[in-house]
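# Overview (structure and organization)
In case you want the letters, here they are:
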Amino acid sequence: QLQASGGGLVQVGGSLRLSCAASGRTFSSYAMGWFRQAPGKDYESVAGISASGGVTSYADSVKGRFTISRDNAKNTVYLQMNSLKPEDTAVYYCAAAKVLGRLQYEYDYWGQGTQVTVSS
């Protein structure tokens, strides 16, 4: 089970840190990803991190602004979001997969989503 939190309303240029807490003892064996879905749009892969944390990947639209990290001792993955833009407004979801990927179908478990709204 995945529980995402940390969303909210922030002004352009602001920062937020999302957290995703996982239950169970196998968190450290799963790659984790963050996806987002804006109103009327498809899911978009935002960032991913391998099970060990040694490999990360980012969408071009967030490179240099977002950082994904994980703490396997706390069963938690984070998404630090800086220099936020209005186009970052979306519901953000965390998800778990056996192997790091960018496609929605590659992820087996999903959190409930947390709303991020960037106001101008």
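Predicted model, so just to flag it, every value in this text is computed and none were measured. (Residues numbered from 1 in each chain as written. Predicted model: local features only at pLDDT ≥ 70, side-chain atom pairs only at ≥ 80, totals over all residues. Heavy atoms only, no water.)

## Quick notes on the packing of aromatic side chains
Just so we agree on the cut-off: Only centres within 6.5 Å qualify two rings of Phe, Tyr or Trp (six-membered ring in Trp) as a pair; their planes then separate them into stacked at under 30 degrees, edge-to-face at over 60, and tilted for everything else. Only DSSP runs of H or I covering at least 4 residues are called helices, and only runs of E covering at least 2 are called strands; the numbering of each starts at the N terminus. Only protein chains enter the calculation, and the probe is 1.4 Å; a residue is then buried if its accessible area is under 20% of its type maximum, exposed if over 50%, and partly exposed in between.
A complete count under the given rule lists 7 aromatic pairs for this structure. Arranged with centres 5.8 Å apart and planes meeting at 65°, the rings of Tyr43 and Trp110 form a pair that is edge-to-face. In this pair, Tyr43 sits in strand β5 (residues 43–49) while Trp110 sits in strand β10 (residues 109–110), placing the two residues 67 residues apart along the sequence. Exposure remark for Trp110: the relative accessible area of 29% places this residue in the partly exposed category. Taking 6.3 Å as the distance between ring centres and 65° as the angle between the ring planes, the aromatic pair formed by Tyr107 and Trp110 counts as edge-to-face. Under the relative-accessibility criterion, Tyr107 is labelled buried at 5%.

## Some words on the nonpolar core
Note the following rule: What is meant by a nonpolar core is a set of buried Ala, Val, Leu, Ile, Met, Phe, Trp, Tyr and Cys residues, joined one to another through side-chain atoms within 4.5 Å. Contact between two residues is taken to exist if any of their heavy atoms lie within 4.5 Å; hydrogens are not considered.
Core analysis: the biggest nonpolar cluster contains 30 residues, and Trp34, Leu79, Met81 and Tyr92 have the highest contact counts within it. Going through the elements one at a time, β1 (2–5), β3 (16–22), β4 (31–37), β5, β7 (66–71), β8 (76–81), β9 (90–97) and β11 (114–119) are the ones with two or more residues in this core. In this view, Leu79 contacts Leu16, Arg17, Leu18, Trp34, Val46, Ala47, Phe66, Thr67, Ile68 and Tyr92; residues no more than four positions away in its chain are not counted.

## A closer look at the pairing of β3
Applicable threshold: Strand pairing follows a simple DSSP-based rule, namely that at least 2 bridges must link the two strands.
Buried residues dominate β3, accounting for 5 of its 7 residues. As paired elements, β1 and β3 share 4 bridges and run antiparallel to each other. Paired with Ser5 across the two strands is Ser19, which belongs to β3.

## So, unusual backbone geometry
Of note, the phi angle at Asn75 is positive, near 55°, even though the residue is not glycine. Note on placement: Asn75 falls in the loop between β7 and β8. Residue classification places Asn75 among the buried positions, given a relative accessible area of 18%. Of note in this structure, Ser83 is not a glycine but carries a positive phi near 50°. Among the secondary structure elements, Ser83 is positioned in the loop between β8 and β9. On the accessibility criterion, Ser83 (39% relative accessible area) is partly exposed.

## Focus: the pattern of salt bridges
Short version of the rule: Any Lys or Arg side-chain nitrogen located within 4 Å of an Asp or Glu carboxyl oxygen qualifies as a salt bridge.
Scanning all chains against the criterion turns up 4 salt bridges. Among the ionic pairs, Asp60 bridges to Lys63, the shortest N-O distance being 3.2 Å. Residue classification places Asp60 among the exposed residues on the basis of a relative accessible area of 66%. The shortest N-O distance in the salt bridge between Arg65 and Asp88 comes to 2.7 Å. With Arg65 in the loop between β6 (56–58) and β7 and Asp88 in the loop between β8 and β9, this pair connects stretches of sequence that are 23 residues apart. You can call Arg65 buried: its relative accessible area is 11%.

## Describing the sheet that holds β1
Strand-to-strand pairing in sheets goes through backbone hydrogen bonds, with the strands running parallel or antiparallel. What counts here: Only C-alpha atoms enter the line fits that serve as axes; for helices the fit covers just the stretch in contact. Angles between N-to-C directions range over 0 to 180 degrees.
Ordered in space as β1-β3-β8-β7, the 4 strands form an open sheet in which the pairing is antiparallel. Every other strand in the sheet has two partners, leaving β1 and β7 as the edge strands with one partner each. Between one strand and the next, the sheet's axes are offset by a mean angle of 15°, whatever the strand orientation. Across 6 bridges, the pairing between β3 and β8 is antiparallel. Within the sheet, the bridge partner assigned to Cys20 lies in β8 and is Val77.

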